[in-house]
Amino acid sequence: MENKLLLNSLKKYWIVAKVSWINGFTYLTSFVMFRVRQIIQVVVAFSLWEAIFASTITAFGYTSAQMFTYIFAASIIGYVVTSSRTIDVAGVIHSGDLSLYLVKPLNFFLFWFSRDVADKLQNVIFSAIELAVLFFIFHPTLYIPTHISTIFLTLFTVGGAMVMFFLINTMFGLLGFWTPDVWAPRFLFYTIMFFTAGSFFPLDIFPNSIVQALSYTPFPYVIFFPTKVLLEQLSSVEVVRGILFTGMWVGLCGLGVFTMWKKGVHSYEAEGR
Amino acid sequence: MKTLIRYIKIWFLFAKQELLFQFSSKSSAVLFFIGKTVRFLSFLLILILLKHNTKTMAGYSIDEVIIFFLTFNFIDLVSQMFMRGVYSLTGKVRSGELDFYLAKPVNVLFRVLAGSPDFNDVLIFIPFLFFSGWYIGQAVPLLDAVKIVLYFAFLVNGLLISIAFHIFVACIGIVTTEVDNTIMLYRDLSQMGRMPMEIYREPLRFLITFVVPVGLMVSIPARVLLGKAPPSLLLTASLVAVTVFLLSFLSWKHALKMYTSASS
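Residues numbered from 1 in each chain as written. Chains lettered and ligands numbered in written order. Predicted model: local features only at pLDDT ≥ 70, side-chain atom pairs only at ≥ 80, totals over all residues. Heavy atoms only, no water.

Novice: I'd like a description of the overall build of chain B, backed by residues and values.
Specialist: For chain B, the helix and strand inventory stands at twelve helices and two strands. The order of helices and strands in chain B, counted from the N terminus, is α-α-β-β-α-α-α-α-α-α-α-α-α-α. Taking 264 residues into account, the globule formula puts the C-alpha radius of gyration at 18 Å, and chain B, at 19 Å, falls close to it. A total of 264 residues make up chain B; the buried ones form 53% of that total. (Helix = DSSP H or I, 4+ residues; strand = E, 2+ residues; numbered from the N terminus. Rg over C-alpha atoms; globule rule 2.2 N^0.38 Å. Buried < 20%, exposed > 50% of the residue type's maximum accessible area, 1.4 Å probe, protein only.)

Now the structure itself:
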């Protein structure tokens, strides 16, 4: 009986993910443009570092091969972690459409997480093709982890980053309970994340004091930390510390989401419907 | 002349409405200002860090690369300030609100492009101008009046290309009812101009110089200032700008004919 309930529940979210997958192709021009944008961003990062290494053997302690490997790996991890549909949550709340979700036999967060999973899968499949093409153009040195445990650790840290990123984005979405202006704080967050998550350059090119300060924020654990784990460039102590910090941020963000949801639903008046 | 004055008056009306709307949420305005400042300063910090770690980039010193970066920001900020309206075109096409624009005695393209100026960019534009002036003044050796005049002339040339691209995006918006990722694609492409074109490999360099000339848009003014723009390049940049500008107007006329007002 319990198994049947669980199966039915999984089926619901599988359908949500399936619909979300189809939605992704609804506006085909936008979809194609988005894919082209992803390629451009990686090309810019590769070109920039290629130009830098044309006049020097090492920069910021990295050789050209190490840097390209980092950017390549960070791009893959970035595609998995940072794709999200939770950007629509605020609109759902503010328009009053949340009422439709509240009366359905669905968990609001699992619904959005299922959509996120579909989005991530779409990103991974298409980016694999794009990155394969870029690989043949730029020839980055591919680093194959020497320990099997690295694969599990990477999957674990990427999983942590995914949950953390989902919770942070959900918190921004839940701001919709109190204000229609959620774009401004989200813009600030994304701007800071662009420079501090490590998607286009490893964060350790910054002075040590900045790296230390950043390590207390959630940003490095989005891309930089999982990428360094994959490339086996961290000591055991650093890996444990990183996992603990990711866990701490998941906990804090989870608490934030829980509190905001509880207070938000309490004050929700279904305005707009 | 009379028409120009009329449109300036109309633009001020739009601007006043937009100013009131954007600053109705002061916290948002502050957050946008902080975000844009962080973005500018962070990129500048990376360039300064590069200066300490490498001597040149594609044949340019890092000081010279910073001039490319500042020039990009000038064109980007001005475009954002005046042509923000394109970003919200999709909604107007899908909802049929564009019908109201068509029925009014104001040029539709003017309304679509310049109807929603972005005042958040004005806040950062002013300190940015002072910083750029100071930096260029101390970083460019042998800065003379000819260079300065040519720099401004090719900034206008770059803005012409930028206007053309915003019109192309608006055309795509009307035909496909999708703008969001197209305008962001334009922004990503234009951001390639933050760096000298020489850092990009062929055929990408050719593509962003002649096919989607975002390279010419930003790099020519900077190269003029650095005395690295031969007359043939200046002539090419001018011809390309005029061509894409005219093409964008033709595309707009064509796109408008394809508008079906389906949602209204």
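Novice: Describe the nonpolar core, listing the residues and the values that go with them.
Specialist: Membership of the largest hydrophobic core comes to 155 residues, with the highest contact counts inside it found for Trp49, Leu98 and Phe201 of chain A together with Met57, Leu98, Met195 and Trp252 of chain B. Looking at which element gives the most residues to this core, the answer is helix 3 (residues 62-82) of chain B, with 13 residues. The contacts of methionine 57 of chain B, once residues within four sequence positions are left out, are Leu48, Ala51 and Ile52 of chain A together with Leu50, Ile62, Val65, Met195 and Ile199 of chain B. Ranked by size, the runner-up nonpolar core spans nine residues in total, among them Phe14, Ala15, Phe110 and Phe119 of chain B. (Core = buried A, V, L, I, M, F, W, Y, C linked by side-chain atoms within 4.5 Å. Contact = heavy atoms within 4.5 Å.)

Novice: Any details on the interface of chain B and chain A? Residues and values, ideally.
Specialist: Think of interface size as the accessible area that goes away when the parts come together; that is how it is often given. The partner chain A presents 37 residues to the 37 residues of chain B that form the contact. Buried area between chain B and chain A, summed over both chains or domains, comes out near 3300 Å², and the portion from carbon and sulfur atoms is 71%. Among the residues chain B hides against chain A, the three largest losses belong to Glu178, Asn181 and Arg201 of chain B. Together they make up 18% of the total. Between the two partners, chain B and chain A, sit two salt bridges. Here chain B is connected to chain A by four residue pairs in polar contact (both at pLDDT 80 or more). When contributions to the side of chain B that touches chain A are tallied by element, the ones reaching two or more residues are helix 2 (26-53), strand 1 (56-57), helix 8 (145-176) and helix 9 (180-191) of chain B. For the side of chain B that touches chain A, the element with the most residues is helix 2 of chain B, which contributes 15 residues. Along the lines of polarity and charge, the residues of the side of chain B that touches chain A split into 20 nonpolar, eleven polar and six charged. (Buried area = accessible area lost by both parts, 1.4 Å probe. Salt bridge = Lys/Arg side-chain N within 4 Å of Asp/Glu carboxyl O. Polar contact = N/O pair within 3.5 Å; in protein donor to acceptor, adjacent residues only side chain to side chain. Nonpolar A, V, L, I, M, F, W, Y, C, P; charged D, E, K, R; others polar.)

Novice: An account of the environment of glutamate 18 of chain B is needed here, citing residue identities and associated values.
Specialist: Among the secondary structure elements, glutamate 18 of chain B is positioned in helix 1 (residues 2-22). When sequence neighbours within four positions are dropped, the list of residues in contact with glutamate 18 of chain B reads Gly115, Ser116, Pro117 and Phe119 of chain B.

Novice: Could you give me a rundown of the packing of aromatic side chains, with the residues and numbers involved?
Specialist: Inspection of the entire model under this criterion finds 54 aromatic pairs over all chains. Aromatic pair phenylalanine 177 of chain A and tryptophan 261 of chain A: ring centres 6.0 Å apart, planes at 65°, arrangement edge-to-face. Note that phenylalanine 177 of chain A is positioned in the loop between helix 7 (148-174) and helix 8 (183-196) and tryptophan 261 of chain A in helix 11 (residues 236-267), a separation of 84 residues in sequence. According to the relative accessible area criterion, phenylalanine 177 of chain A is buried, its value standing at 13%. Measuring from centroid to centroid gives 5.7 Å for tyrosine 221 of chain A and phenylalanine 225 of chain A, while their planes differ by 70°, and the two rings are edge-to-face. The residues tyrosine 221 of chain A and phenylalanine 225 of chain A share a single accessibility class, namely buried. Taken together, Tyr101, Phe108, Phe109, Phe111, Trp112, Phe177, Trp178, Trp261 and Tyr268 of chain A form an aromatic cluster joined through their ring pairs. The ring centre of tyrosine 79 of chain A lies 5.9 Å from the NZ or CZ of arginine 35 of chain A, which sits over that ring. One cation-aromatic arrangement involves arginine 194 of chain B over phenylalanine 43 of chain B; the distance from NZ or CZ to the ring centre is 4.1 Å. (Phe/Tyr/Trp six-rings, centres within 6.5 Å; stacked < 30°, edge-to-face > 60°. Lys NZ or Arg CZ within 6 Å of the ring centre and 35° of its normal.)

Novice: I'd love a proper account of the packing of helix 2 (residues 28-53) of chain A against helix 9 of chain B, names of residues and values included.
Specialist: One can describe the packing of helix 2 of chain A onto helix 9 of chain B by two numbers: an axis separation of 8 Å at closest approach and a directional angle of 20°. By the angle between their directions, the pair helix 2 of chain A and helix 9 of chain B is classed as roughly parallel. Two packed elements cross with a definite hand, and for helix 2 of chain A against helix 9 of chain B that hand is left-handed. Of helix 9 of chain B, the residues touching helix 2 of chain A (which contributes Ser30, Met33, Phe34, Val36, Arg37, Ile40 and Gln41 of chain A) are Asn181, Thr182, Met184, Leu185, Asp188 and Leu189 of chain B. (Axes fitted to C-alpha atoms, helices over the stretch in contact; angles between N-to-C directions. Parallel < 35°, antiparallel > 145°, perpendicular 65-115°, else oblique. Left-handed = near helix turned anticlockwise from the far one by under 90°.)

Novice: Mind laying out the pattern of salt bridges, listing which residues take part and the relevant values?
Specialist: In this structure the tally under the stated criterion is twelve salt bridges over all chains. Between arginine 35 of chain A and glutamate 130 of chain A there is a salt bridge; the shortest N-O distance is 2.7 Å. With arginine 35 of chain A in helix 2 and glutamate 130 of chain A in helix 6 (residues 108-138), the pair connects residues that are 95 residues apart, well separated along the chain. Across the pair, glutamate 130 of chain A and arginine 35 of chain A agree in class, each one buried. The salt bridge involving lysine 36 of chain B is made with aspartate 121 of chain B; its shortest N-O contact spans 2.8 Å. Of this pair, lysine 36 of chain B sits in helix 2 while aspartate 121 of chain B sits in helix 7 (residues 119-139), and the two are 85 residues apart along the sequence. Across this residue pair, the class does not change: lysine 36 of chain B and aspartate 121 of chain B are buried. Several salt bridges share partner residues, and in doing so they unite Lys36, Arg84, Asp118 and Asp121 of chain B into one network.

Novice: Can you break down a nonpolar patch on the surface residue by residue, with the values?
Specialist: Residues and elements named next belong to chain A. Taken together, the side chains of Leu121, Ile125, Ile129, Val133 and Ile137 define a hydrophobic patch exposed on the protein surface, amounting to about 440 Å² of accessible area. Mapped onto the secondary structure, isoleucine 129 falls in helix 6. Overall, isoleucine 129 belongs to the exposed group, its relative accessible area being 52%. (Patch = residues over 30% accessible without salt bridge, like charges linked within 9 Å, V, L, I, M, F, W, Y side chains within 5 Å. Areas by Shrake-Rupley, 256 points an atom, 1.4 Å probe, with all protein chains shown as cover.)

Novice: Describe in detail the environment of leucine 100 of chain A, supporting the description with residues and values.
Specialist: All names here are of chain A. Following the sequence through the fold, leucine 100 ends up in helix 5 (residues 98-102). Taking relative accessible area as the criterion, leucine 100 reaches 39% and is therefore assigned partly exposed. Spatially, the C-alpha atoms of leucine 100 and alanine 270 are 9.8 Å apart, while their sequence positions differ by 170 residues.

Novice: Kindly report on helix 8 of chain A, identifying the contributing residues and their values.
Specialist: Helix length check: helix 8 of chain A, at 14 residues, gives a terminal C-alpha distance of 20 Å against a target of 20 Å (1.5 Å per residue), a fit within 8%. Burial of helix 8 of chain A is extensive: ten of the 14 residues sit out of reach of the surface. When we look at burial in helix 8 of chain A, the residues that qualify are Ala184, Pro185, Arg186, Phe187, Leu188, Phe189, Thr191, Met193, Phe195 and Thr196 of chain A. Summarising the contacts, the buried residues of helix 8 of chain A are in contact with helix 3 (64-82), helix 7 and helix 9 (208-214) of chain A together with helix 2 of chain B. (Expected span 1.5 Å × (residues − 1).)

Novice: Could you give an account of unusual backbone geometry, naming the residues involved and the relevant values?
Specialist: A cis amide bond links glutamate 202 of chain B with the next residue in sequence, proline 203 of chain B, at an omega value of 5°. Look at glutamate 232 of chain A: it is not a glycine, yet its phi comes out positive at around 55°. Mapped onto the elements, glutamate 232 of chain A comes out in the loop between helix 10 (224-230) and helix 11. Since its relative accessible area comes to 23%, glutamate 232 of chain A is described here as partly exposed.

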